Protein chains: 4
Amino acid sequence: MTLRIGIVGGTGHSGGELCRLLLNHPGVGTVLPTARSGEEFERVHPNLLGSGLRFVTVEQLQERAGELDVVFFCTPSGEAMRSAPRFLEHGAKVIDVSADFRFPDPERYAEVYGEPHASPKLLSEAVYGVTELFREQVAAARLVANPGCYAITTVLGLAPLLRSGLADLDSAVHLAAVNGTSGAGSKPVSEVMHAEAFASMLPYSLEGHRHAPELETHLAPFAGRELCVDMTTAHGNFVRGIYIQASVAIRAEARAGVDRAALLDLYRDHYADEHFVRINAFAKKGRLNSKEYGVYPSLNAVTGSNFCHIGVDYDPVRGFAKVVAVTDNLVKGAAGSAIQNMNVMSGLDERAGLGHYGL
Amino acid sequence: MTLRIGIVGGTGHSGGELCRLLLNHPGVGTVLPTARSGEEFERVHPNLLGSGLRFVTVEQLQERAGELDVVFFCTPSGEAMRSAPRFLEHGAKVIDVSADFRFPDPERYAEVYGEPHASPKLLSEAVYGVTELFREQVAAARLVANPGCYAITTVLGLAPLLRSGLADLDSAVHLAAVNGTSGAGSKPVSEVMHAEAFASMLPYSLEGHRHAPELETHLAPFAGRELCVDMTTAHGNFVRGIYIQASVAIRAEARAGVDRAALLDLYRDHYADEHFVRINAFAKKGRLNSKEYGVYPSLNAVTGSNFCHIGVDYDPVRGFAKVVAVTDNLVKGAAGSAIQNMNVMSGLDERAGLGHYGL
Amino acid sequence: MTLRIGIVGGTGHSGGELCRLLLNHPGVGTVLPTARSGEEFERVHPNLLGSGLRFVTVEQLQERAGELDVVFFCTPSGEAMRSAPRFLEHGAKVIDVSADFRFPDPERYAEVYGEPHASPKLLSEAVYGVTELFREQVAAARLVANPGCYAITTVLGLAPLLRSGLADLDSAVHLAAVNGTSGAGSKPVSEVMHAEAFASMLPYSLEGHRHAPELETHLAPFAGRELCVDMTTAHGNFVRGIYIQASVAIRAEARAGVDRAALLDLYRDHYADEHFVRINAFAKKGRLNSKEYGVYPSLNAVTGSNFCHIGVDYDPVRGFAKVVAVTDNLVKGAAGSAIQNMNVMSGLDERAGLGHYGL
Amino acid sequence: MTLRIGIVGGTGHSGGELCRLLLNHPGVGTVLPTARSGEEFERVHPNLLGSGLRFVTVEQLQERAGELDVVFFCTPSGEAMRSAPRFLEHGAKVIDVSADFRFPDPERYAEVYGEPHASPKLLSEAVYGVTELFREQVAAARLVANPGCYAITTVLGLAPLLRSGLADLDSAVHLAAVNGTSGAGSKPVSEVMHAEAFASMLPYSLEGHRHAPELETHLAPFAGRELCVDMTTAHGNFVRGIYIQASVAIRAEARAGVDRAALLDLYRDHYADEHFVRINAFAKKGRLNSKEYGVYPSLNAVTGSNFCHIGVDYDPVRGFAKVVAVTDNLVKGAAGSAIQNMNVMSGLDERAGLGHYGL
């Protein structure tokens, strides 16, 4: 099979990353990224110098809708919900890397994104694309809502713990999340210039990030109940990467049986058959509270790859499980998981085009 | 007045930073940093090339104890509690930048640092040196326990909120803290080589950091009750800086009156007369949940300075106050606040030698 | 004395740095930076939060010209040559941090900057402000042309060698120079966004940088003849700093007497009395060609300071002297040397306000 | 075909990178990296968590020499020249990523590396592995000397210009080269700790780098004469990457016909059929000497890839051609080009396992 691909929104970081990965995908033929007329593909994406890819306009892509097998949306909020139906009607599968189809409930969408949903009927059909956890639904879908970068990392990081029933969810789940500056978009903005953002931590959306309700929606089924996600976000001094650290209260009656080893077992069992999720379980050598590196995942272990590394620990004094999960926000957090979904939707090897380990 | 200064432990990051700042301090004459025999001062601290400072051995410093006005300890845990008495006996004031005198209770020390305290009687005398909050006690002290870098930043960041009575302290205070790699010590370690730690987030001590009990001890008086500090720590991709982000539950009955403006007022009032603590209160322009930069402190605004910048917000959906506080871990988090304490203890202008704004 | 200062162009990196340094200068009172109406000072320069400085418009500053002792220009090319006369007429001294007065010859200016000079008569009066090398002229000047950041670093780095007569100047001097991204200006530009410029080297102006003719003009007097400066430039992955590395051919007949030790002697003698220029002369331990760190200046040794560190070596096989010189482009390369010139012009201690060592 | 691979020296950056790339190579089966007994593979290379690779000892690898198709050496100087013969005798092909076989002349080796060569007879047999320029010889070789990271980037960058006859080689070729800190080795060293090397430029070997004679040896055939390479080196603030910038004097009589366009034509013609070498020829929009980004290669365009991007320009005032070439020092500068050579030596598609574009 040789898939023909459209990418609506080919100039940003996610669109560029899709191109980069699809150029090396054995099952993909044509790749048509869109841009406004006049943009030069290789000047926008100089890492793809000599690749031969060229931009088309959205109009040109729409005219060729009938020739496409899969269409990705890497657009600002509001675009995919308006344009996806047209491609679906022509028989293409749609994977939305933007936020438009992440809430089954249109009112929740309107609340979080500030405008009514343009295709409410499609919402119930859209599958939330954490491949590892919804593989069968993804395989059957024609419309996948690719999760937010913070969200996919957190869902992978917390699903085993929430499923275990160990968590005390009368307390909020506390999430401190750090994103690379590629997550700030590609439009030049003063605060994210190199001279401003370098060697810094740049916090934003402290009053509540849009991925918090996304997480509350999609973690609840694992927890078997409603839950509250208190989330804070910042950009760190790197381009690629999501680093999330979660604190989850353990139920008082369960604490006696919880320690790092027990949590590691839980996570390794849960992800034993998953290629892209790996648990860092290196043995600690030091005594409690001594500073010890290397026994949890570092962010840069996954840079450039579709892997999610997860580490866990337990604070026995205060009764909190700690989870660290890391991904590359442009790969597992966007383009890579989107391709993983495409592979599953198209009957290809799930790993096709996603083989490289982190740098 | 011209102070004569000893620095026990002059080869590490804090010791070097003390030298750097004291070289530019108008009230300081002699500065004697210690090192093992054979170490060359300017090769260890190439930023101080041509400064004329030279190392002495600890033995040489002890012999000259009677000539010293102030002695700083920048040593690993366990050293200051053994050596400080000797300098105190000779009439020098001691400012311990290490952790030895941070717990009034010797048993708590033993619990956290794993060995019995060598000078338990001095513990009750030691003043915890957050100058802004304990200025009178510092002025009267001959022994100051300089706070940990995470701790001072957090205490400054949370004292106003805890004092206000708004916090629901049946819930834990959740603290996500990021430190520069200068906080990892100066001994070469594989995981903190540039090639390993660059462009990464390197988590450590997830089972409970030693600054958590330090915080629980020293925040309790502001809260008027015991409290639980759930803390996670990582090194970010920068050399200098502490970035802390705290989530504090607001009492249900108080929530109606809390918003960002109210919290900003609380903080500006609290620190209205403080030179080194500044509140970032820039107006937001966007709608709720939109991504907006610049309305909270960025870490690099304080690099190289003794300032602490604080920002606040409120998540009205979930009822959490959010506090961001940033300092330079080597200045306000160590050498700078130590000099600020020295200034107060010696009757100098509190700002002497600490005037520079952040880079 | 309490100087009253105007800064034309207060929103960019150099203007902000002048404010930062002048806030801590013991001889300075009023500081009036300009910006377009509507700009908020502390939002533009968040490191100066709470400093109390406020922008005025250029018109407001011009109206108050008679009250000013010193006016700095931190403006794009072309502005200072038009506006400086007005301030000079009112008796203020002018220090131009832009490029307008760096060429004594108006035709050379026109050639390099692409438009005729607006105040050609002032050109012959302007003193080129490398304080260490033109101290007497600076002291007597009412108009100083502050050198370019690459240029001042290179002039300091090469003056001793060129004066020595050892160089073979029938060959070009080859200069590889790297600048921080603060040198790219403060206007948001796609290629200098954090996500684009991080962890990179970004070359520019390879066909010839404007500081090359500036250097050819101002190095010639030290060489006693014309010379050719072949220069290449790039931005590195840091915000502050100029790193220059020069290769200078040694005359065949002089090579027998040249080695690293001889060059170090030459440089230490030349700068023996200079506070802000320091020579890294740490002894090498390894054999020839073995990789050895620490025996030349590293860029970050001078970050945040007004120092210039210089290191030298000699390639005996090929006959080239090698010079490495480093400065902070915003301090010694702009605002710091401008203040050093102000100090000299105003009869203040040359080091006033510039005391801090590098971070 | 399924190749069985040994890697002598599997703990360093090059060895780890070979493992990373070979894990994703369609023609490779067994991969056996060596380490001292006791080292845990995934702890040394946490990016390869879950890969299943395990270290063997050198002795174990030697015992299995007869089962191996290809052996890579990623060892310090002196090891490969002693151990390679054993593997060659058993019929394995050897690709030496260290420096042992880069000089055809054993005396030159002894001069540069400070000890006599242990296998002088093999030197004449070893092929210098710049695949693009010596493809036929590589295909026929059983022993390939993989070039140094600086050297391969420079050879690719200068071969077209030297072949053209335009260069005036009575003048030296001047080379300013910057390497990532992964090039500093994996042994913890004080000067290359994150806290020391971050946001810096760290110069070394200014008296002459060992890759200079390597370049003089291997560039001479392209020039058709001897030449002198004046080289300076530093580590920049990134982990991966070689950035070289070369100045080459153009012969006086040829200058009239040289400009950027002519040089671009020369380079595009030369590399028209090469997959891994790409020329950045984006049109300039600005006037001469104006600062313009994006018209030359940036280092990070090739990070993680086996590509070499080259850009050129010409300084018409001074008569120098300027060449910028960038590679990833661990891929095209080491493991990637080694695999490219392996592919050619083994009759595989030259691009196998090396398809990914830069991040």
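Quick caveat, the model's predicted, so the values are computed rather than measured.

A. Quick look at the interface of chain B and chain A. Listed per partner, the contact involves 65 residues of chain B and 65 residues of chain A. Between chain B and chain A lies a buried interface of about 5100 Å² when both sides are counted; carbon and sulfur atoms form 53% of it. The largest contributions to the chain B side of the interface with chain A come from Glu-207, Tyr-293 and Arg-318 of chain B, which together make up 16% of the buried area. Connecting chain B to chain A are 6 salt bridges. Lys-322 of chain B serves as the salt-bridge partner of Asp-230 of chain A, at 3.0 Å between the closest nitrogen and oxygen. When residues of the side of chain B that touches chain A are assigned to their parent elements, the largest contribution, 6 residues, is made by strand S9 (residues 229-235) of chain B. Looking at the side of chain B that touches chain A, its residues break down into 33 nonpolar, 17 polar and 15 charged.

B. Spatial organisation of the UniProt feature "active site" (unreviewed entry) in chain A. Residues and elements named next belong to chain A. Within the UniProt annotation, "active site" (unreviewed entry) is assigned to Cys-149. Turning to its location among the elements, Cys-149 is positioned in helix H8 (residues 149-164). Setting aside anything within four residues of it in sequence, one finds Cys-149 in contact with Asn-179, His-211, Ile-242, Asn-329 and Gly-333.

C. Fine view of the nonpolar core. One finds Phe-72 of chain A, Phe-72 of chain B, Phe-72 of chain C together with Phe-72 of chain D to be the most contacted residues of the largest nonpolar core, which totals 312 residues. Residues in contact with Phe-72 of chain A, not counting those within four places in the same chain, are Ile-5, Gly-6, Ile-7, Val-8, Leu-18, Leu-22, Ile-95, Val-97, Ala-338, Ile-339 and Met-342 of chain A.

D. Layout of the sheet that holds strand S4 (residues 93-96) of chain D. Residue and element names in this part refer to chain D. Judged by pairing direction, the sheet is parallel, and its 6 strands sit side by side in the order S2-S1-S3-S4-S6-S5 without closing on themselves. Each edge of the open sheet carries a strand with a single partner, namely strand S2 (28-33) and strand S5 (127-128). Both S4 and strand S6 (residues 143-145) contribute to a ladder of 3 bridges, which runs parallel. Across the sheet, the residue bridging to Val-94 is Leu-143, located in S6. Across the face of the sheet, helix H1 (residues 13-22) comes into contact with strand S1 (3-8), S2 and strand S3 (70-73) while running at roughly 165° to S1.

What counts, and where the lines are drawn
- Residues numbered from 1 in each chain as written.
- Chains lettered and ligands numbered in written order.
- Predicted model: local features only at pLDDT ≥ 70, side-chain atom pairs only at ≥ 80, totals over all residues.
- Heavy atoms only, no water.
- Contact = heavy atoms within 4.5 Å.
- Buried area = accessible area lost by both parts, 1.4 Å probe.
- Salt bridge = Lys/Arg side-chain N within 4 Å of Asp/Glu carboxyl O.
- Helix = DSSP H or I, 4+ residues; strand = E, 2+ residues; numbered from the N terminus.
- Nonpolar A, V, L, I, M, F, W, Y, C, P; charged D, E, K, R; others polar.
- UniProt positions renumbered as here; feature names shortened; annotations may be inferred.
- Core = buried A, V, L, I, M, F, W, Y, C linked by side-chain atoms within 4.5 Å.
- Buried < 20%, exposed > 50% of the residue type's maximum accessible area, 1.4 Å probe, protein only.
- Pairing = 2+ DSSP bridges.
- Axes fitted to C-alpha atoms, helices over the stretch in contact; angles between N-to-C directions.

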